[in-house]
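Given next are the chains, with one letter for each unit.
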Amino acid sequence: MKFSTKQIHAGQHPEATTGAVITPIFQTSTYSNAKLGDSKGFDYGRTINPTRITLEKNLAALENGSHGFCFSSGMAAIQAIISMFNPGDHVICTNNVYGGTYRLFEQVIKNYGIEFSYVDTSDSKLIREAVKDNTKFIYVETPTNPMLNITDLAELKKIASEKGIITCVDNTFMSPYFQNPLDFGMDIVVHSSTKYINGHSDVIGGCVITSNDEIAEKIKFLQNSIGAVPSPFDCWLVLRSTKTLAQRMRAHNENAVALSDMLSNDSRVGKVFYPGLKSHPQYETAVSQMRGFGGIISIELGSYDAAVKFCNGLRIFQIAESLGGVESLVCHPVSMTHASVPKQLREEFGLTDGLVRLSVGIEDCEDLMDDIKNALSAI
Ligand SMILES: *Cc1c(COP(=O)(O)O)cnc(C)c1O
């Protein structure tokens, strides 16, 4: 089956008792046994829920994986993954990782004796150099937030296979429509489904997908043991959203390609960071592993002052954290999403005070262009 068919049908069947086409919200915490010991395979709502299972199967299919697990947030999904590791293990992580991931690793997980190295994974030589005898896990975000750096997944696979290291890709920015890391031999994919997968800015959620049975068993155990599961209603909302993922992603991509072109030809804008621009340092890698470039563009406006004026000058783009919704948003990473990343690390990967991140929505492109031109004239 092709993507647009899978997004609507994978994991979904008419409901058994009524034939309802849409999977119901099974809003229940527990399930009755007809006789003692005679269950229908459902025991307790944290462990198993029919609405959640349907979403898990749907998402696994979209990522070409065999097992999917849903969580109450992207961070909960990442916590479950990192909880597979033990004190004394070493982890290599992309330096320009999502701020919340960096905070989880540095301020929570490190206290349990797991060691982290943050490297620019867009340079595979640096990954190779960072590998130690106790390296058990490589965690990569590609493209990164907000610099849009790309890690070469085929190169990463080579390094990891040689050393028997488990790999994971945070695929939030591309969504399963534009990139499927499992197809490149990655072991685990994680998403903040809060972003493109849900796409309507009304749910916080996360998911983990793998085709490795051993990893799947561990994640299932951790999902139930830690207990950060999503509500049946949230699962139902995300299920409704995945039905239009392809159409939304195409619209985000089309608008962002046009805007990145406009921005890179505007002398008031410094550097434009977008993987679809030929000037992007990893453009060739992007083309080799992604089927589109997504809806996130970062732009360098030169100073904190210019960034503030630009954000305040926008009318359609709303100033807000988060991304990947149908509505366009603008964010100033240094003061918003990435405030928990130390200044020194930020500067190392070029996240300056003048950087602004656009999450391009699916509104009319001309309206978005006018909004940006107007805001630029305010600088
Ligand atoms: C938002 C985000 C997360 C965290 O997900 P939540 O759903 O907010 O917990 C992780 N990774 C990336 C790339 C994100 O954008």
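Residues numbered from 1 in each chain as written. Predicted model: local features only at pLDDT ≥ 70, side-chain atom pairs only at ≥ 80, totals over all residues. Heavy atoms only, no water.

A word on a negative patch on the surface. Residues D364, E366, D367 and D370 make up a contiguous surface patch of negative charge. If you trace the backbone, D370 turns up in helix α14 (residues 365-376). On the basis of relative accessibility, which here comes to 46%, the residue D370 falls in the partly exposed class. (Patch = residues over 30% accessible without salt bridge, like charges linked within 9 Å, V, L, I, M, F, W, Y side chains within 5 Å. Areas by Shrake-Rupley, 256 points an atom, 1.4 Å probe, with all protein chains shown as cover. Salt bridge = Lys/Arg side-chain N within 4 Å of Asp/Glu carboxyl O. Lys, Arg positive; Asp, Glu negative; His and termini not counted. Charge placed at Lys NZ, Arg CZ, Asp CG, Glu CD. Helix = DSSP H or I, 4+ residues; strand = E, 2+ residues; numbered from the N terminus. Buried < 20%, exposed > 50% of the residue type's maximum accessible area, 1.4 Å probe, protein only.)

Our next topic: helix α4 (residues 99-107). Within α4, seven of the nine residues are buried, leaving the element largely enclosed by the surrounding structure. Its buried side turned inward, α4 meets α3 (74-82), β2 (90-94), β3 (115-119), β4 (135-141) and α13 (343-348). (Contact = heavy atoms within 4.5 Å.)

Looking now at the site of the ligand. Taken together, 14 residues form the shell around the ligand, and within it G74, D170, S192, T194 and K195 come nearest. S192 is positioned with one of its side-chain polar atoms (N or O) 2.8 Å from an oxygen atom of the ligand. Burial of the ligand by the protein chains amounts to 93% of its free accessible area of 380 Å². Looking at the shell around the ligand element by element, the count peaks at three residues for α3. By residue class, the composition of the shell around the ligand is four nonpolar, seven polar and three charged. (Near = heavy atom within 4 Å. Polar contact = N/O pair within 3.5 Å; in protein donor to acceptor, adjacent residues only side chain to side chain. Nonpolar A, V, L, I, M, F, W, Y, C, P; charged D, E, K, R; others polar.)

Turning to the domain arrangement of the protein, a few remarks are in order. One widely used convention gives an interface's size as the accessible area the parts lose upon coming together. Domain boundaries in the protein define domain 1 (3-242) and domain 2 (245-377). Taking the mean C-alpha position of each, domain 1 and domain 2 sit 25 Å from one another. With 42 residues of domain 1 at the contact, the number on the domain 2 side is 43 residues. Each partner contributes to the roughly 3600 Å² buried at the junction of domain 1 and domain 2, and carbon and sulfur atoms together form 59% of this total. Where domain 1 packs against domain 2, one counts zero salt bridges. Between the two partners, domain 1 and domain 2, sit 22 residue pairs in polar contact (both at pLDDT 80 or more). (Domains from an automatic or database assignment. Buried area = accessible area lost by both parts, 1.4 Å probe.)

Extensive coverage of α3 is indicated by the burial of seven of its nine residues. By the burial criterion, the buried members of α3 are G74, A76, A77, I78, A80, I81 and I82.

Its place among the elements puts E141 in strand β4. Buried charge without a partner: E141 forms no salt bridge, and the closest opposite charge is R357, 7.9 Å away. One polar contact links the side chain of E141 to the main-chain amide nitrogen of Y98, over a distance of 2.7 Å. Among the polar contacts made by the side chain of E141, one reaches the main-chain amide nitrogen of N145 at a distance of 3.2 Å.

Assignment of secondary structure puts G294 in the loop between α11 (283-289) and β9 (296-300). Assessed through its relative accessible area of 0%, G294 is described here as buried. C-alpha of G294 to C-alpha of K243: the two residues are 51 residues apart in sequence and 18 Å apart in space. Apart from residues lying up to four places away in sequence, G294 is in contact with M174, F178, H252, N253, A256 and Y274.

Counting 83 residues, the largest nonpolar core has F105, I299, F310 and I372 as its most contacted members. No other element matches helix α10 (residues 245-264), which puts seven residues into this core. Split by domain, this core shows at least three residues from each of two domains, domain 1 (3-242) and domain 2 (245-377). Apart from residues lying up to four places away in sequence, F105 is in contact with I78, I82, C93, K110, F116, Y118 and Y139. (Core = buried A, V, L, I, M, F, W, Y, C linked by side-chain atoms within 4.5 Å.)

This part takes up empty space enclosed by the protein. All told, the structure shown has two cavities of 30 Å³ or more when counted by the stated rule. Its boundaries defined by the atoms lining it, the largest cavity holds a volume of some 50 Å³. L55, F71, S193, V203, I204, G205, G206, P230, D234, C235 and V238 are the residues that line the largest cavity. With three residues, helix α9 (residues 232-242) is the single largest residue contributor to the lining of the largest cavity. Per-class residue counts for the lining of the largest cavity are seven nonpolar, three polar and one charged. Computed from the structure, the second largest cavity encloses a volume of approximately 30 Å³. Around the second largest cavity, the lining residues are T94, N95, D120, T121, S122, T144, N149, I150 and T151. Of the residues contributing to the lining of the second largest cavity, the split by class is one nonpolar, seven polar and one charged. (1 Å grid on protein atoms, 1.4 Å probe; cavity = no way out; pocket = protein on both sides within 12 Å on 5 of 7 lines; lining within 4 Å. Points joined across faces, edges and corners; volume = space filled by probe spheres on them.)

With that settled, the discussion passes to the packing of aromatic side chains. In the structure shown here, the tally under the stated rule is 12 aromatic pairs. Both rings, one in F105 and one in F116, keep their centres 4.6 Å apart while their planes meet at 15°; by these two values the pair is stacked. With F105 in helix α4 and F116 in strand β3, this pair connects stretches of sequence that are 11 residues apart. Here the two residues F105 and F116 agree in accessibility, since each one is buried. Taken together, a centroid distance of 6.3 Å and an interplanar angle of 20° make the contact between F116 and Y118 stacked. (Phe/Tyr/Trp six-rings, centres within 6.5 Å; stacked < 30°, edge-to-face > 60°.)

In this structure the tally under the stated criterion is nine salt bridges. The closest approach of N and O atoms between E155 and K158, which form a salt bridge, is 3.0 Å. You can see E155 and its partner K158 sitting in helix α6 (residues 153-163), three residues apart, about one turn around the helix. For E155, a relative accessible area of 25% corresponds to the partly exposed category. A salt bridge links K343 to E347; the nearest nitrogen and oxygen atoms lie 3.2 Å apart. Linking K343 with E347, this pair stays in helix α13, spanning four residues, or about one helical turn. In this structure K343 comes out as partly exposed when scored by relative accessible area, which is 45%.

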